[in-house]
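This is what each chain is made of:
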Amino acid sequence: TGQVSLVKNAAAATISGLELEVQAQLTDRLYVRANAGLLDAEYDEFSFLGSAGQVDYSSREMRRTPDFTANLDATYSTDVASGEVWARLAVRYIDSHFVDTENSPELYNDEGTATVDASINYRRDDITLSLFGRNITDEDAWTMGYDVQPWWSYGAIQEPRVFGIEVMFEYN
């Protein structure tokens, strides 16, 4: 059929970055975490022998390496007569990036993506009840991508907006 699957590894790459994380208990009931990451990733040498001859990916962007990422979340908790209640709000940001080695335009997250999650939780003894929302703003973004050369590219998108109820039982 002319289809070839290749495992491709870069011979050399330079990756450097900086990550900062802060956690703070602002009050007896409010806990906040924040982190930010800067990443500089590039291939120094990435060539291989493909089905059509020598291929050089050295000038391409590394897949799944956004220049900037950040996260901010806050949890507010309080004790109630019968247990504990807490609410959590979280926002995570991922800068633009390719998700495949080919740098296919159709698999490029060309805008940064901010995803919002939230939950309200109640715990009593060994049982926890959670009402949650994930990706509340229903952001679309590729999480990974693959190329079937020369025909097409395909990928997986992040989970869409989800609301739910979760019941957990801890057995000790």
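Residues numbered from 1 in each chain as written. Predicted model: local features only at pLDDT ≥ 70, side-chain atom pairs only at ≥ 80, totals over all residues. Heavy atoms only, no water.

*Asks:* In this structure, what is going on with a nonpolar patch on the surface? I would like to understand it.
*Replies:* A surface patch of nonpolar side chains, amounting to about 900 Å² of accessible area, comprises Ile 120, Ile 127, Leu 129, Leu 131, Ile 165, Val 167, Phe 169 and Tyr 171. Counting only elements with at least two residues in the nonpolar patch, the list comes to β10 (127–134) and β13 (162–169). Among the secondary structure elements, Leu 129 is positioned in strand β10. (Patch = residues over 30% accessible without salt bridge, like charges linked within 9 Å, V, L, I, M, F, W, Y side chains within 5 Å. Areas by Shrake-Rupley, 256 points an atom, 1.4 Å probe, with all protein chains shown as cover. Salt bridge = Lys/Arg side-chain N within 4 Å of Asp/Glu carboxyl O. Helix = DSSP H or I, 4+ residues; strand = E, 2+ residues; numbered from the N terminus.)

*Asks:* Is there a simple way to explain the side chain of Thr 101 in this structure?
*Replies:* Checked against the element boundaries, Thr 101 lands in the loop between β7 (97–98) and β8 (108–109). With sequence-adjacent residues up to four places away left out, Thr 101 is seen in contact with Phe 46, Tyr 57, Arg 60, Arg 63 and Asp 147. (Contact = heavy atoms within 4.5 Å.)

*Asks:* How should I be thinking about the nonpolar core in this particular structure?
*Replies:* Ala 41, Tyr 43, Phe 46, Phe 48, Tyr 57 and Met 62 form the largest nonpolar core, which has six residues in total. Every residue in contact with Tyr 43, bar those within four places of it in the chain, is listed here: Ala 10, Ala 12, Ala 13, Tyr 57, Ser 58, Arg 60, Glu 61, Met 62 and Arg 63. (Core = buried A, V, L, I, M, F, W, Y, C linked by side-chain atoms within 4.5 Å. Buried < 20%, exposed > 50% of the residue type's maximum accessible area, 1.4 Å probe, protein only.)

*Asks:* Could you clarify how one ought to interpret the pattern of salt bridges in this entry?
*Replies:* A side chain of one charge can pair with a side chain of the opposite charge if their charged atoms are brought near each other. One pass over the full model with this rule turns up six salt bridges. Its salt-bridge partner being Asp 73, residue Arg 33 comes within 3.0 Å of it at the nearest N-O pair. Of this pair, Arg 33 sits in strand β2 (residues 30–45) while Asp 73 sits in strand β5 (residues 68–80), and the two are 40 residues apart along the sequence. The class for Arg 33 is partly exposed, based on a relative accessible area of 32%. The partner of Asp 117 in a salt bridge is Arg 92, with the nearest N and O atoms 2.8 Å apart. Separated by 25 residues along the polypeptide, Asp 117 in strand β9 (residues 113–124) and Arg 92 in strand β6 (residues 83–94) bring together distant segments of the chain. The buried category is assigned to Asp 117, whose relative accessible area is 15%. Here Arg 92 falls in the partly exposed class, since its relative accessible area comes to 34%. Through salt bridges with shared partners, a single ionic network connects Arg 33, Asp 73 and Arg 88.

*Asks:* Mind showing me how you'd approach the environment of Ala 87 here?
*Replies:* Tracing the backbone through its elements, the reader meets Ala 87 in strand β6. Put simply, Ala 87 and Ala 12 are 75 residues apart on the chain and 45 Å apart in space, counted from C-alpha to C-alpha. Excluding anything up to four places from it in sequence, Ala 87 contacts Ala 74, Thr 75, Tyr 76, Ser 119 and Ile 120.

*Asks:* I keep staring at the side chain of Ser 130 and nothing clicks. Help me out?
*Replies:* Tracing the backbone shows Ser 130 in strand β10. On the accessibility criterion, Ser 130 (5% relative accessible area) is buried. In this structure the side chain of Ser 130 is engaged in a polar contact, spanning 2.6 Å, whose partner is the side chain of Asn 121. Aside from chain neighbours lying at most four places away, what touches Ser 130 is Ile 120, Asn 121, Gly 164, Ile 165, Glu 166 and Met 168. (Polar contact = N/O pair within 3.5 Å; in protein donor to acceptor, adjacent residues only side chain to side chain.)

Note that every value here comes from positions in space, so none of it alone points to a role or purpose.
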